[in-house]
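# A look at the structure
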Amino acid sequence: MALKRVLVALGGSEHMESAMKAAVRIARRNGAEVVGLAVMDETLVDPVQAAPIGGSAAAAELRDSRQQSVAEAMDEAIARFETVLDESGLPGRALRADGDAQECLVDAMKLADIGIVGIRHAFDYGTVNHADDFLARVARAAHRPILAMPTVAGEAKKVVAAYDGSMVAADALRSFATLRAFDPTVVNLVCCREDGLDHEAVLAEGRAYLELHGYTVETLGLDGGPAEAILEHATSSEADLVVMGAVGRRGLSRLLAGDTASRMLERSTLPLFLRR
């Protein structure tokens, strides 16, 4: 599968820098274009809340102030993106959108091959933070791979891929293998042990698939809660990237449902490759 369009969120935070660097690396490897997206998120600029009696004027003033601050931050983010794009020599462009950030991002990803977003902040521009499950909701709705980036990240040479045999986990593994966004020296395929699951058989089928695509694979069964077990293993093994499904049945592919998603996205210092 050819990767030809990389979408990167221009959120103006420290996460944006690592997201842009990752976008350039991936686009250059695949001869792709890079599209930057900046969003005036109406849900943050003008959050739905009742104004106290006599407070309408103050609320309007706060809204106007936020809009101006966000507009200025968007301009700065786009200018920074255009500088990075010019220096890279890659084709691309910047887009602006107004509205709900989740809806804008999902819409922009319709014809993108991968979306790259800051793991903590997307489009808040220093105003009100997005909800903790923002990326989880985007991953569920977009049906496209998402790379959630921390503030610092380099080449993904050692990858931990979570696989439990479910269709969603298989989609994530297949997207990772076929998009060729990364060029790891080894993929560590992991599966949590749970009742009713032959984790050795699951790991064997996942390994066979990755090896068909030319990857060097190691396998390991994990014990404990999925989020904690994967993060602990990925950190202790000095992995550069974690690959996993976004939603699904019990086990690993349940990661982005509810509180587990928040813990994973809040705690991880590693890039996360998510796919529904």
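Worth saying up front: this structure is predicted, and the values here are computed from it rather than measured. (Residues numbered from 1 in each chain as written. Predicted model: local features only at pLDDT ≥ 70, side-chain atom pairs only at ≥ 80, totals over all residues. Heavy atoms only, no water.)

### A look at the pattern of salt bridges
Evaluation of the coordinates by the stated rule reveals nine salt bridges. With a shortest N-O distance of 3.2 Å, Arg93 and Glu33 are connected by a salt bridge. Here Glu33 lies in strand β2 (residues 33-41) and Arg93 lies in strand β3 (residues 92-99), a separation of 60 residues in the sequence. The residue Asp107 makes a salt bridge to Lys110 at a minimum N-O spacing of 3.1 Å. When its relative accessible area of 45% is taken as the criterion, Asp107 is described as partly exposed. Each of Arg5, Glu33 and Arg93 takes part in one network of salt bridges that share partners. (Salt bridge = Lys/Arg side-chain N within 4 Å of Asp/Glu carboxyl O. Helix = DSSP H or I, 4+ residues; strand = E, 2+ residues; numbered from the N terminus. Buried < 20%, exposed > 50% of the residue type's maximum accessible area, 1.4 Å probe, protein only.)

### Brief notes about the sheet that holds strand β6 (residues 158-162)
Pairing in this open sheet of ten strands is mixed, and the strands run β3-β2-β1-β4-β5-β10-β9-β6-β7-β8 from one edge to the other. Edge positions in the sheet fall to β3 and β8 (217-222), since each of these pairs with one other strand and no more. Strand-to-strand, the axes of this sheet are offset by a mean angle of 20°, without reference to chain direction. Taken together, the eight bridges between β2 and β3 define a ladder with parallel strand orientation. Across the sheet, Ala38 pairs through a bridge with Arg96, a residue of β3. Seen against the sheet, helix α6 (residues 167-179) touches β6, β7 (186-192), β9 (241-245) and β10 (272-275) and runs at an angle of roughly 120° to β10. (Pairing = 2+ DSSP bridges. Axes fitted to C-alpha atoms, helices over the stretch in contact; angles between N-to-C directions. Contact = heavy atoms within 4.5 Å.)

### Some words on the state of the cysteines
Following the criterion strictly, the structure yields zero disulfides and no others. Just so you know, Cys192 is unpaired, no disulfide at all, and the nearest cysteine sulfur is the one on Cys191, 6.8 Å from it. Under the relative-accessibility criterion, Cys192 is labelled buried at 4%. (Disulfide = S-S within 2.5 Å.)

### Here we look at the confidence of the model for the protein chain
Predicted confidence across the protein chain gives a mean pLDDT of 86, with 89% of residues reaching 70 or more. In the model, residues 248-259 has pLDDT below 50 throughout and makes 37 contacts with residues more than four positions away in sequence or in other chains. (pLDDT = per-residue confidence, 0-100.)

### Re the environment of His233
Note on placement: His233 falls in helix α8 (residues 226-236). Overall, His233 belongs to the buried group, its relative accessible area being 13%. For His233 and Val160, which are 73 residues apart along the polypeptide, the C-alpha to C-alpha distance reads 8.5 Å. With sequence-adjacent residues up to four places away left out, His233 is seen in contact with Val160, Asn188, Val190, Leu220 and Leu222.

### Some details on the packing of α6 against helix α7 (residues 199-212)
Contact pair α6 / α7: the axes reach a minimum separation of 10 Å and the direction vectors enclose 15°. Taken together, the axes of α6 and α7 lie roughly parallel to each other. Crossing handedness for the pair α6 and α7: right-handed. Residues Leu173, Arg174, Phe176, Ala177 and Thr178 of α6 form the contact with α7, whose own contacting residues are Gly206, Tyr209 and Leu210. (Parallel < 35°, antiparallel > 145°, perpendicular 65-115°, else oblique. Left-handed = near helix turned anticlockwise from the far one by under 90°.)

### A word on the nonpolar core
Residues Ile116, Leu147 and Phe176 are the most contacted members of the largest nonpolar core, which totals 97 residues. Sequence-distant contacts of Phe176, defined by excluding residues within four places in its chain, comprise Val159, Phe182, Pro184, Val187, Leu210, Tyr215, Leu241, Val243 and Phe273. (Core = buried A, V, L, I, M, F, W, Y, C linked by side-chain atoms within 4.5 Å.)

### A short note on the packing of aromatic side chains
All chains considered together, the criterion is met by four aromatic pairs. Taking the centre distance of 6.2 Å and the plane angle of 25° together, the rings of Phe176 and Phe182 count as stacked. Residue Phe182 is classed as buried on the basis of its relative accessible area, which comes to 9%. According to the relative accessible area criterion, Phe176 is buried, its value standing at 1%. What links up through ring pairs into an aromatic cluster is the set Phe176, Phe182, Tyr215 and Phe273. (Phe/Tyr/Trp six-rings, centres within 6.5 Å; stacked < 30°, edge-to-face > 60°.)

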